[in-house]
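Residue strings, one per chain:
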Amino acid sequence: MRLLLTFGLLVALAVPGAPADAQVMRCTENMPPIADERLQAALDLLKTTYPSIEFPVDERPCTHAAAVVATLHATLSQNYLKNAVGYEFAKIVNGDTYFTVERFRIDSPKRLRGVTRTMNADQSRKLRTKANTVYDYFVADNTIVIMISDASGRARNAELFRQVRQSFDASAPPAKPKQ
Amino acid sequence: MSVRQVEIVVTNNIVEHYEARSYPDEQRDKKGFYALYRVPVYDILVNGIDDKGNPNSMKFMAPRFMPYFNNPKTPTHYATKNWVNAGLSSGRTIIISKYKMDYEVQNRYSPGRGAIVLHKAFYIHAGPADLLNYGFGSAGCIEIIGNFEDFKKTIATLSGDMTGTPDDAIQRLVNAKKLIVKIEEAKVPNIKKALTRKVHD
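This one's a predicted model, so the numbers in the text were calculated from it and none came from an experiment. (Residues numbered from 1 in each chain as written. Chains lettered and ligands numbered in written order. Predicted model: local features only at pLDDT ≥ 70, side-chain atom pairs only at ≥ 80, totals over all residues.)

What follows deals with the overall build of chain B. When its secondary structure is counted, chain B shows 2 helices and 13 strands. For 201 residues, the compact-globule formula gives about 17 Å, and the C-alpha radius of gyration of chain B, at 17 Å, lands near that figure. Considering only C-alpha atoms, chain B reaches an extent of 60 × 30 × 30 Å along its principal axes. When each of the 201 residues of chain B is scored for burial, the buried share is 44%. By sequence separation, contacts in chain B at least 24 residues apart represent 61% of the contacts at least 6 residues apart. (Helix = DSSP H or I, 4+ residues; strand = E, 2+ residues; numbered from the N terminus. Rg over C-alpha atoms; globule rule 2.2 N^0.38 Å. Buried ≥ 20, exposed ≤ 12 C-beta atoms within 10 Å, placed from the backbone. Contact = placed C-beta atoms within 7 Å.)

See below:
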């Protein structure tokens, strides 16, 4: 699995010029970074709307990525994310609740359809993990953006995640004209 | 290099109190306020032999009983429903066989990674930064209050082999069956009666 990574090669890239407190972290082991900056822009805007939110730094982004992939594998009963070709995420402390925004680039349309179909069918949106966590998601081009939230903060964090989605929608590249 | 045995003692000595919220479901009223409960905080000792051959003991602290509420109307994956004063109360000594070095606390933010698996889903892992950081909850896990990295470093130092990270040292201890957790018998507190206040975020 491309996202199962050795510690020695972990690379965390902060986006140059971004506010220090809006931190996107990336795992670039065996894959290029997602370079479009849309997640960073969405978080910068989120910070403007919700100044009290905090973005703690994770020094082991690839370890985090592997854990998320494993949890989603257990939840969805299929490892749709094992062939992801890009990954970035942010941790967000929202008052006394906490959530993460995970973004995977999946170049296979079939695999991307598979993961969204399975997530849509999962009405509970609860992750199979020791913690009481829930998820939500949206698709932005060839990436899937997933919110993982503590269950008690679900509604409050979903509100922030909606804004992240709006930012992605607003920055979507123009559709290609039909030939 | 052979590692030295390290013993973690989960004592029954109450040193402080902490305000926890119920887990996995908080009890939020119609106005959005959720309940906090006063739980005892116990001494946690990390015992071993230092490099000079002298016995050494370092103190940490953690709650060991927490308010557990699994709402039967919207149950989580946890098997136990409704209310329980959750925690391990009987005395026992456990030779640790599993350490999850990548474990992250997911219900609240904590920078501390790693979990010492005691029994099924009962772990020792990172907890609140301090006693004022109210609102952590667990299903009876022992959540170390303060800097979890210090806790791990103490275990690593007493193991006598600091090669790599503290996580590596703890894993070596587990592999060698030399990480022991002694849980002292303790009376289960009646947490349900220890509601302190309701707060809004």
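Next comes the rest of the description.
Let us look at the interface of chain A and chain B. Counting from both sides, the interface comprises 20 residues of chain A and, opposite them, 15 residues of chain B. At the level of secondary structure, the elements contributing two or more residues to the side of chain A that touches chain B comprise helix 2 (61-76), strand 2 (86-94) and strand 3 (97-105) of chain A. Broken down by element, the side of chain A that touches chain B gets its largest block of residues, 3 residues, from helix 2 of chain A. Of the residues in the side of chain A that touches chain B, the class split is 6 nonpolar, 8 polar and 6 charged. (Nonpolar A, V, L, I, M, F, W, Y, C, P; charged D, E, K, R; others polar.)

Spatially, 2-5-6 (chain B) is the arrangement adopted by the 3 strands of the open sheet, whose pairing is mixed. The sheet terminates laterally at strand 2 (23-24) and strand 6 (82-86) of chain B, the two strands that pair on one side only. (Pairing = 2+ DSSP bridges.)

Let us look at helix 1 (residues 148-159) of chain B. Residue and element names in this part refer to chain B. An ideal rise of 1.5 Å per residue puts 16 Å on 12 residues; helix 1 measures up with 17 Å between its terminal C-alpha atoms. Turning to helix 1, its buried residues are Phe-148, Phe-151, Lys-152, Thr-154, Ile-155, Ala-156, Leu-158 and Ser-159. Two residues or fewer past helix 1, Gly-160 is found with a positive phi of approximately 85°. (Expected span 1.5 Å × (residues − 1).)

Here the focus is unusual backbone geometry. Note the cis peptide between Tyr23(B) and Pro24(B), where omega equals 5°. In this fold, Pro24(B) is placed in strand 2. One non-glycine residue with positive phi stands out, namely Arg125(A), at about 55°. Although it is not a glycine, Asp141(A) adopts a positive phi angle of roughly 55°.

The next subject is the packing of helix 1 of chain B against helix 2 (residues 166-175) of chain B. Residue and element names in this part refer to chain B. Put simply, helix 1 and helix 2 touch, their axes get as near as 8 Å, and they point 55° apart. One finds that helix 1 runs oblique with respect to helix 2. Handedness of the helix 1/helix 2 crossing: left-handed. In this structure, helix 1 uses Lys-152, Lys-153, Ile-155, Ala-156 and Ser-159 to contact helix 2, whose residues at the interface are Pro-166, Asp-167, Ala-169, Ile-170, Arg-172 and Leu-173. (Axes fitted to C-alpha atoms, helices over the stretch in contact; angles between N-to-C directions. Parallel < 35°, antiparallel > 145°, perpendicular 65-115°, else oblique. Left-handed = near helix turned anticlockwise from the far one by under 90°.)

So, on to the nonpolar core. In terms of nonpolar packing, the biggest core is built from 51 residues, with Val10(B), Ala62(B) and Ile144(B) touching the most fellow members. Among the elements that line this core, the one with the most residues is strand 3 (residues 34-49) of chain B, at 7 residues. For Ile144(B), the residues in contact, after removing those within four places along its chain, are Ile44(B), Phe60(B), Ala62(B), Ile124(B), Ala126(B), Gly127(B) and Phe151(B). One finds Met25(A), Leu81(A), Ala140(A) and Ile148(A) within the second-largest nonpolar core, a separate group that totals 42 residues. (Core = buried A, V, L, I, M, F, W, Y, C linked by C-beta atoms within 7 Å.)

What follows deals with the confidence of the model for chain A. Taken as a whole, chain A shows an average pLDDT of 85; of its residues, 86% reach a score of 70 or greater. This stretch, residues 1-20 of chain A, has a pLDDT under 50; its non-local contacts, to residues over four places away or in other chains, come to 40 contacts. (pLDDT = per-residue confidence, 0-100.)

This part takes up the pairing of strand 5 (residues 143-150) of chain A. All names here are of chain A. By the criterion of burial, strand 5 is predominantly enclosed, with 8 of the 8 residues buried. The two faces of strand 5 match: Thr-143, Val-145, Met-147 and Ser-149 on one face and Ile-144, Ile-146, Ile-148 and Asp-150 on the other face are all buried. With 7 bridges joining them, strand 3 and strand 5 adopt antiparallel strand pairing. Residue pairing in the sheet places Glu-102 in a bridge with Ile-146 of strand 5. Bridging between strand 4 (residues 133-140) and strand 5 involves 8 bridges; their strand directions are antiparallel. Directly across from Ala-140, in strand 5, lies its bridge partner Thr-143. Here strand 4 hands over to strand 5 after 2 residues, with Asp-141 in that stretch at a positive phi of 55°.

Here we take up the environment of Asp130(B). All names here are of chain B. Mapped onto the elements, Asp-130 comes out in the loop between strand 10 (122-126) and strand 11 (142-144). Considered as a pair, Asp-130 and Gly-146 are 16 residues apart in the sequence and their alpha carbons are 5.3 Å apart. In this structure Asp-130 touches Ile-145 and Gly-146, once residues within four positions along its chain are discounted.

Our focus in this paragraph is the environment of Gly135(B). Looking at where Gly135(B) falls in the secondary structure, it is placed in the loop between strand 10 and strand 11. Residue class for Gly135(B) comes out buried when judged on the 20 C-beta atoms lying within 10 Å of it. Along the chain, Gly135(B) and Ala35(B) lie 100 residues apart, while their C-alpha atoms are 9.0 Å from each other. Those residues within four positions of Gly135(B) in sequence are excluded, and the remaining contacts are Asp96(A), Arg21(B) and Leu36(B).

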